[in-house]
Amino acid sequence: MAEHGAHITTASVADDQPSIFEVVAQDSLMTAVRPALQHVVKVLAESNPAHYGFFWRWFDEIFTLLDLLLQHHYLSRTSASFSEHFYGLKRIVAGSSEQLQRPASAGLPKEHLWKSTVFLVLLPYLKVKLEKLASSLREEDEYSIHPPSSHWKRFYRAFLAAYPFVNMAWEGWFLTQQLRYILGKAEHHSPLLKLAGVRLGRLTAQDMQAIAHRLSEATAMQDPVRSVGERIKSALKKAVGGVALSLSTGLSVGVFFLQFLDWWYSSENQETIKSLTALPTPPPPVHLDYNSDSPLLPKVKTVCPLCRKTRVNDTVLATSGYVFCYRCVFNYVRSHQACPITGYPTEVQHLIKLYSPEN
């Protein structure tokens, strides 16, 4: 067991295979970026639907396009996805001794590059769309939009019945592969890496120097004679590179912020959020120094404290709860804007007539 524990946390000097914590961390990075950006777009769309509603309606497609540009940029220049490069990892073509000597700055071979792009970008997009389709079909099934005998209803009911089992098998496939990776029985922590024909390894010092050298050469190289198409292509490459560089440099703080947003908007923490954002309870009002023996209060409860006569048109002052004659308390409150007994600030709107059979 000690050998397996050592394999989980560290790797030997000869073995560049990353630990399970590194590969799981880079997997969770992009999954945390998507809901955070989606929440930002949702807030913008709700604040101004005319301008930002388009981004909310087509969020999946826009995010997939940006993700495609970002991942292709990193795979072709660092032999790794954005999250893998952030954690100092690279993709190595499995079963090829030549690829072990290939610098990460050379990028992946074209075949493996497109396979990696499909599994990194297209497959998550299809999975999100499939989940949304299943959710919409559940709503249709609850409201019974289609006739019970329609072929479409039979089809989507079969789909809804099979989808949880297919999803469970999919997640179980990944879990089994991760367990085999932890125990040292597999060199891929994800089945998608195996299907793409690559495995993950750590960046070496030579790889980091080569990537930095290529970046400096790309920024220093200037060709004065270029066509319009080449200039547009170069501008797009620089824009994508600038976005990628800003993301990689600012993600150290961004990762913490994204995890904080994930915690903040999780359903388990709603009670905690309410307690943190609720206004403090105001202190109780300070009562004036009076008691039941105060000369302001009559001995008989049916007597008005102001005129000292039996009350007529009993009226309670909502501010303090004491009962007076309507005429007495109305004139007093209108003149002094305060309760005659407690001195609480009040207005005539706080007078409530009490109707009784005698009145």
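Rules used in this analysis
Residues numbered from 1 in each chain as written. Predicted model: local features only at pLDDT ≥ 70, side-chain atom pairs only at ≥ 80, totals over all residues. Heavy atoms only, no water. Patch = residues over 30% accessible without salt bridge, like charges linked within 9 Å, V, L, I, M, F, W, Y side chains within 5 Å. Areas by Shrake-Rupley, 256 points an atom, 1.4 Å probe, with all protein chains shown as cover. Salt bridge = Lys/Arg side-chain N within 4 Å of Asp/Glu carboxyl O. Helix = DSSP H or I, 4+ residues; strand = E, 2+ residues; numbered from the N terminus. Buried < 20%, exposed > 50% of the residue type's maximum accessible area, 1.4 Å probe, protein only. Pairing = 2+ DSSP bridges. Phe/Tyr/Trp six-rings, centres within 6.5 Å; stacked < 30°, edge-to-face > 60°. Axes fitted to C-alpha atoms, helices over the stretch in contact; angles between N-to-C directions. Parallel < 35°, antiparallel > 145°, perpendicular 65-115°, else oblique. Left-handed = near helix turned anticlockwise from the far one by under 90°. Contact = heavy atoms within 4.5 Å. Expected span 1.5 Å × (residues − 1). pLDDT = per-residue confidence, 0-100. Core = buried A, V, L, I, M, F, W, Y, C linked by side-chain atoms within 4.5 Å. Polar contact = N/O pair within 3.5 Å; in protein donor to acceptor, adjacent residues only side chain to side chain.

**Points about a nonpolar patch on the surface**
Stage number 1. Residues Val-40, Leu-44, Tyr-52, Phe-54, Phe-55 and Trp-58 make up a contiguous nonpolar surface patch of about 550 Å² in total accessible area.
Stage number 2. Of all the secondary structure elements, the ones that give two or more residues to the nonpolar patch are α2 (20–47) and α3 (49–57).
Stage number 3. If one sorts the elements of the nonpolar patch by residue count, α3 sits on top with three residues.
Stage number 4. Looking at the element boundaries, Val-40 is found in helix α2.
Stage number 5. Val-40 sits in the partly exposed class, given a relative accessible area of 43%.

**Some points on the pattern of salt bridges**
Stage number 1. For the structure on display, the rule yields 10 salt bridges.
Stage number 2. Residues Arg-91 and Glu-84 are paired through a salt bridge, measuring 2.9 Å at the closest nitrogen-oxygen approach.

**Some thoughts on unusual backbone geometry**
Stage number 1. Even without being glycine, Ser-79 reaches a positive phi, approximately 60 degrees.
Stage number 2. Take Ser-79: it is sitting in the loop between α4 (59–78) and α5 (82–86).
Stage number 3. Of note, the phi angle at Arg-308 is positive, near 60 degrees, even though the residue is not glycine.
Stage number 4. Along the polypeptide, Arg-308 turns up in the loop between α12 (270–277) and β3 (314–317).
Stage number 5. With relative accessibility at 40%, the residue Arg-308 sits in the partly exposed group.

**Remarks on the pairing of strand β2 (residues 198–202)**
Stage number 1. For β2, a buried count of four out of five residues is recorded, marking the element as mostly surrounded by other parts of the structure.
Stage number 2. Note: strand β1 (residues 89–93) against β2, five bridges, orientation antiparallel. By the bridge assignment, Ile-92 is partnered in β2 with Arg-199.

**Some points on the packing of aromatic side chains**
Stage number 1. This structure, assessed with the given rule, holds nine aromatic pairs.
Stage number 2. Ring centres of Tyr-326 and Phe-330 lie 5.7 Å apart, and the angle between their planes is 25 degrees; this geometry places the pair in the stacked category. Taken together, the residues Tyr-326 and Phe-330, both in helix α13 (residues 326–336) and four residues apart, mark about one turn of the helix.
Stage number 3. Overall, the relative accessible area of 29% leaves Tyr-326 in the partly exposed class.

**Let's talk about the packing of α2 against α3**
Stage number 1. As a packed pair, α2 and α3 sit with axes 7 Å apart at the nearest point and diverge in direction by 150 degrees. Judged by the angle between their axes, α2 and α3 are roughly antiparallel. α3 is crossed by α2, and the crossing has left-handed handedness. Of α3, the residues touching α2 (which contributes Gln-38, Val-41, Lys-42, Leu-44, Ala-45, Glu-46 and Ser-47) are Pro-49, Tyr-52, Gly-53, Phe-55 and Trp-56.

**Structural notes on helix α8 (residues 151–182)**
Stage number 1. Relative to the 46 Å expected for 32 residues at 1.5 Å per residue, α8 spans 46 Å between its end C-alpha atoms, a close match to the ideal helical length.
Stage number 2. If you check which residues of α8 are buried, you get Lys-153, Tyr-156, Leu-160, Tyr-163, Phe-174, Gln-177 and Tyr-181.
Stage number 3. Residue Gly-184 follows α8 closely and has a positive phi angle near 80 degrees.

**Focus on the confidence of the model for the protein chain**
Stage number 1. Looking at the protein chain, the pLDDT average stands at 75 and 67% of residues meet or exceed 70.
Stage number 2. In the predicted structure, residues 1–14 sits below a pLDDT of 50 and forms 13 contacts with residues beyond four places in sequence or in another chain.
Stage number 3. Throughout residues 287–291 the model reports pLDDT below 50, and contacts reaching past four residues in sequence, or to other chains, amount to eight contacts.

**A word on the nonpolar core**
Stage number 1. Formed by Leu-297, Cys-304, Leu-317, Phe-324, Cys-325, Val-329, Val-333, Cys-339, Ile-341 and Leu-351, the largest nonpolar core amounts to 10 residues.
Stage number 2. Looking at this core, the elements that each hand over two or more residues are β4 (323–325) and α13.
Stage number 3. Counting eight residues, the second-largest nonpolar core is a separate cluster that includes Ile-20, Leu-193, Ala-196 and Val-198.

**Quick notes on the pairing of β1**
Stage number 1. Counting buried residues in β1 gives five out of five residues, a clear majority hidden from the surface.
Stage number 2. Burial along β1 is two-sided: the residues Leu-89, Arg-91 and Val-93 and Lys-90 and Ile-92 are all buried.

**Here we look at the side chain of Ser-83**
Stage number 1. Its location among the elements puts Ser-83 in helix α5.
Stage number 2. By relative accessible area, which is 4% here, Ser-83 ends up buried.
Stage number 3. Looking at Ser-83, its side chain comes within polar contact range of the main-chain oxygen of Gln-26, at 3.1 Å.
Stage number 4. Ignoring anything within four residues of it in the chain, the contact list for Ser-83 reads Gln-26, Leu-29 and Met-30.

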